[in-house]
Amino acid sequence: MTEQPSSAGPLIGPLPERWGRMDQMSRTLLVEIGLILLEAGLITENRTTLEPDWTGGLIIGSRRGSLAVDLEFGRTVTAGPGMASPHLFGYTLANIAPAEAAIRYRLTGPVFSLIDENPFERARAEAEQWLAGLPAGRGLMIAGALDVLPGADTSEVSKNFTLLYA
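Now for a description of the structure that goes with this document.

The rules behind the values
Residues numbered from 1 in each chain as written. Predicted model: local features only at pLDDT ≥ 70, side-chain atom pairs only at ≥ 80, totals over all residues. Heavy atoms only, no water. Buried < 20%, exposed > 50% of the residue type's maximum accessible area, 1.4 Å probe, protein only. Helix = DSSP H or I, 4+ residues; strand = E, 2+ residues; numbered from the N terminus. Pairing = 2+ DSSP bridges. Axes fitted to C-alpha atoms, helices over the stretch in contact; angles between N-to-C directions. Contact = heavy atoms within 4.5 Å.

So, the pairing of strand S3 (residues 139-149)
Side chains on a regular strand alternate between the two faces of the sheet.
Moving on, step 1. The buried fraction of S3 is high, at ten of eleven residues.
Moving on, step 2. The pairing of strand S1 (residues 55-62) with S3 spans seven bridges and is classified as parallel. Bridge pairing in S3 places Gly 56 opposite Leu 140.
Moving on, step 3. Pairing of S3 with strand S4 (residues 156-165) involves ten bridges; the strand directions are antiparallel. Counted as the bridge partner of Ile 142 is Leu 163 from S4.

Shown next, in the form of C-alpha cells:
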C-alpha cells in the first residue's frame, strides 16, 4: 500500500482528512483552485486560504455533474443495499466538489455547480452576475467547467477555469 503524502505543498497545504476517499472531481477541483489562487498571489506556501478581508465565490459548470461517482456508487449497490458505499455516497452530488474547495480555501461567497451544455460559458455568466454584490477590490469569483467522464479503466477529466475580480 502506498502511503499518502501529508501535504500538497503550496496548493492546499495539509491534505484534508477526507482526501483518501474523495472522488476525482473533488480532488481535481482542490488542486485546480489552488493553482489559480497561487498564480494570482492570493494564497502562498505559508497561507493557504484567502485573507479574512477577501470574499471569494466559486461557480462550476458541468455537462455531467457527478455522473462518474454516481455510476461507481451504483456498482456498489448491485451487491445489495447493505453493500452500498457510504464513502462514495457523500460525493454523489455535483455541489460536493465546489463545497470541498470552498472549505479548503475559505471561499465565503456563492459556491455551487450547475449543469449545462455550455458549462464554462454558463458558469462565467453566472459568476459575473454575482460579482456585482461582492466588495470592490476585495471580491472575486472563480468560474469554470469541470467534467470527469467515466471510463473502463480510468476517467477522463475536462477542465477550464478563470478568475474574475469585483
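Thoughts on the sheet that holds strand S2 (residues 111-115)
Moving on, step 1. Across the sheet, four strands lie side by side as S2-S1-S3-S4; this open sheet has mixed pairing. Both outer strands of the open sheet, S2 and S4, are each paired with one neighbouring strand and no more. Mean inter-strand twist for the sheet, computed between neighbouring axes without regard to direction, equals 15°.
Moving on, step 2. Packing against the sheet, helix H1 (residues 24-39) makes contact with S1, S3 and S4, and its axis sits at approximately 35° to S4.
Moving on, step 3. Along the sheet face, helix H4 (residues 96-105) touches S1 and S2 and points at about 160° away from the line of S2.

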